[in-house]
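# Observations on chain architecture
Okay, here's what each chain looks like letter by letter:
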Amino acid sequence: MTKLTLGFSPCPNDTFIFDALIHHKIDTEGLDFEVFYDDVETLNQKAMRGELDITKLSYHAFAYVADKYVLLDSGSALGFGVGPMLICKDDPGKLISNLKSQISNLKIGIPGKYTTANFLLGLAFPNATNKVELVFSDIEDAVLEGRVDVGLIIHENRFTYQDKGLKKIIDLGDYWEKQTGCAIPLGGIVANRNLPSEIQHKINRVLRRSVEFAFENPKSGLEFIRSHAQEMSEEVMYKHIELYVNKYSVDLGEEGKRAIKLLFDTARKKEIIPEFSDNIFITDLN
């Protein structure tokens with residue numbers, strides 16, 4: 001049995017994907033896992049330090065650790081209509097009409113420097129510089145309490161902000177889709193390049209098996225998903241899963257890889273991320 005460290009978030013899309021793998025509901029080919037549950041920015045920071053064998057991270061963060069990690073074919077969160085949103089407490093009408101000129105004056109709560117959400121914010125609004133880093137689940141309250149003027153929300157907060165009386169200013173996923181016609185790459189699963197190639201490819205196979213099992217048995221991991229889901233109802237949990245787990249989670253395919261390459265090419269041209277080798281996909285290492 002080979003023991004590997006594995007990090008992913010407690011969000012329903014991740015627990016849904018990894019349930020079969022960590023609970024050995026599938027053949028893990030002799031792999032066992034020590035699991036760390038962290039919010040996405042903590043996982044991004046751990047990846048910067050190369051701490052984990054396998055980890056979920058933001059695509060934005062991956063640009064900074066492509067020398068340490070290789071991207072697996074399965075487990076990614078890409079999609080249409082799944083992007084981060086800018087929200088506010090009061091009438092967003094005035095903000096929407098003058099957002100480009102006003103945004104430099106607004107204090108913005110973001111879910112982390114290296115999140116793809118922050119990357120998209122920088123892409124759409126380069127002059128949005130007054131940012132406060134918060135845990136993603138605290139952003140709605142920070143807006144409600146006036147600690148920030150607007151919030152950049154991700155994950156299940158897409159389903160809860162309206163219930164709290166908050167209002168959408170702009171969906172940055174829509175912005176990306178209109179600019180590119182591609183799905184927005186949010187997060188991926190990577191394996192440490194220090195692992196033997198045989199182990200990397202084994203992880204790749206096992207992860208796909210886990211995602212396929214989850215699709216075939218969607219309620220199998222219900223108790224596990226619920227135990228990490230921060231008081232979410234079952235309906236919201238599965239809405240979250242439906243939004244972020246799709247065909248790209250089973251296999252990126254050429255379409256998913258094209259969207260990822262476009263994301264990185266766009267960011268490099270705008271000097272939002274550093275230059276790095278394009279040899280980022282595990283299938284390129286065969």
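Now for a look at the structure at hand.

Definitions and limits used
- Residues numbered from 1 in each chain as written.
- Predicted model: local features only at pLDDT ≥ 70, side-chain atom pairs only at ≥ 80, totals over all residues.
- Heavy atoms only, no water.
- Helix = DSSP H or I, 4+ residues; strand = E, 2+ residues; numbered from the N terminus.
- Buried < 20%, exposed > 50% of the residue type's maximum accessible area, 1.4 Å probe, protein only.
- Polar contact = N/O pair within 3.5 Å; in protein donor to acceptor, adjacent residues only side chain to side chain.
- Contact = heavy atoms within 4.5 Å.
- Phe/Tyr/Trp six-rings, centres within 6.5 Å; stacked < 30°, edge-to-face > 60°.
- Pairing = 2+ DSSP bridges.
- Axes fitted to C-alpha atoms, helices over the stretch in contact; angles between N-to-C directions.
- Salt bridge = Lys/Arg side-chain N within 4 Å of Asp/Glu carboxyl O.
- Lys, Arg positive; Asp, Glu negative; His and termini not counted.
- Right-handed = clockwise from strand over helix to strand, strands pointing away.

## Regarding the side chain of Ser76
For Ser76, the position within the fold is in the loop between β4 (69–71) and β5 (77–79). With a relative accessible area of 0%, Ser76 lands in the buried category. Among the polar contacts made by the side chain of Ser76, one reaches the side chain of Tyr59 at a distance of 2.6 Å. Setting aside residues no more than four positions away along its own chain, Ser76 makes contact with Tyr59, Leu71, Gly187, Gly188, Ile189, Tyr244, Tyr248, Ser249 and Leu252.

## Details of the packing of aromatic side chains
According to the stated counting rule, one finds eight aromatic pairs in the structure shown. Geometrically, the ring pair formed by Phe62 and Phe264 is tilted, given 6.2 Å between the ring centres and 45 degrees between the ring planes. In this pair, Phe62 is assigned in helix α3 (residues 59–65) and Phe264 in helix α13 (residues 253–269), connecting sequence segments 202 residues apart. Pair check on accessibility: Phe62 and Phe264 agree, each one buried. The rings of Phe8, Phe18, Tyr37 and Phe224 are connected pair by pair, giving a single aromatic cluster.

## Structural notes on the sheet that holds strand β10 (residues 167–171)
Pairing is mixed in the open sheet, where five strands are placed in the order β8-β7-β9-β6-β10. With partners counted over all chains shown, the strands left at the sheet margins are β8 (131–133) and β10, one partner each. Averaged over all neighbouring strand pairs, the angle between strand axes comes to 30 degrees, with direction disregarded. The pairing of strand β6 (residues 85–88) with strand β9 (residues 150–153) spans three bridges and is antiparallel. What sits directly across from Met85, in β9, is Ile153.

## Brief notes about helix α1 (residues 12–22)
In terms of burial, α1 is largely enclosed, as eleven of its eleven residues are buried. Residues of α1 that are buried include every one of Pro12, Asn13, Asp14, Thr15, Phe16, Ile17, Phe18, Asp19, Ala20, Leu21 and Ile22, and no others. With its phi angle positive at about 55 degrees, His24 sits one or two positions after the end of α1.

## Things to note about the pattern of salt bridges
Summed over all chains, the structure comprises 18 salt bridges. Close ionic contact of Arg208 with Asp251 constitutes a salt bridge, the shortest N to O distance being 3.0 Å. Residue Arg208 is found in helix α9 (residues 197–216), and its partner Asp251 is found in the loop between α12 (247–250) and α13; the two are separated by 43 residues along the sequence. A relative accessible area of 32% means that Arg208 is categorised as partly exposed.

## Thoughts on the environment of Cys88
Here Cys88 shows up in strand β6. Given the relative accessible area of 3%, Cys88 is considered buried. Distance in space between the C-alpha atoms of Cys88 and Asn246 is 29 Å, their sequence separation being 158 residues. Residue contacts for Cys88: discarding those within four places in its chain leaves Leu95, Val143, Asp149, Val150, Leu166, Lys167 and Ile169.

## Remarks on the environment of Ser58
Along the chain, the position of Ser58 falls in strand β3 (residues 54–58). Through-space distance from the C-alpha of Ser58 to that of Leu186 is 5.9 Å; in sequence the pair is 128 residues apart.

## Quick look at the side chain of Glu41
Secondary-structure assignment places Glu41 in helix α2 (residues 40–48). Buried charge without a partner: Glu41 forms no salt bridge, and the closest opposite charge is Lys113, 8.0 Å away. At a separation of 3.0 Å, a polar atom in the side chain of Glu41 contacts the side chain of Asn44.

## Considerations on the pairing of strand β2 (residues 31–37)
Bridging between strand β1 (residues 2–8) and β2 involves seven bridges; their strand directions are parallel. Paired with Phe8 across the strands is Tyr37, a residue of β2. Assessed by its sense of winding, the connection that carries the chain from β1 through α1 to β2 is right-handed.

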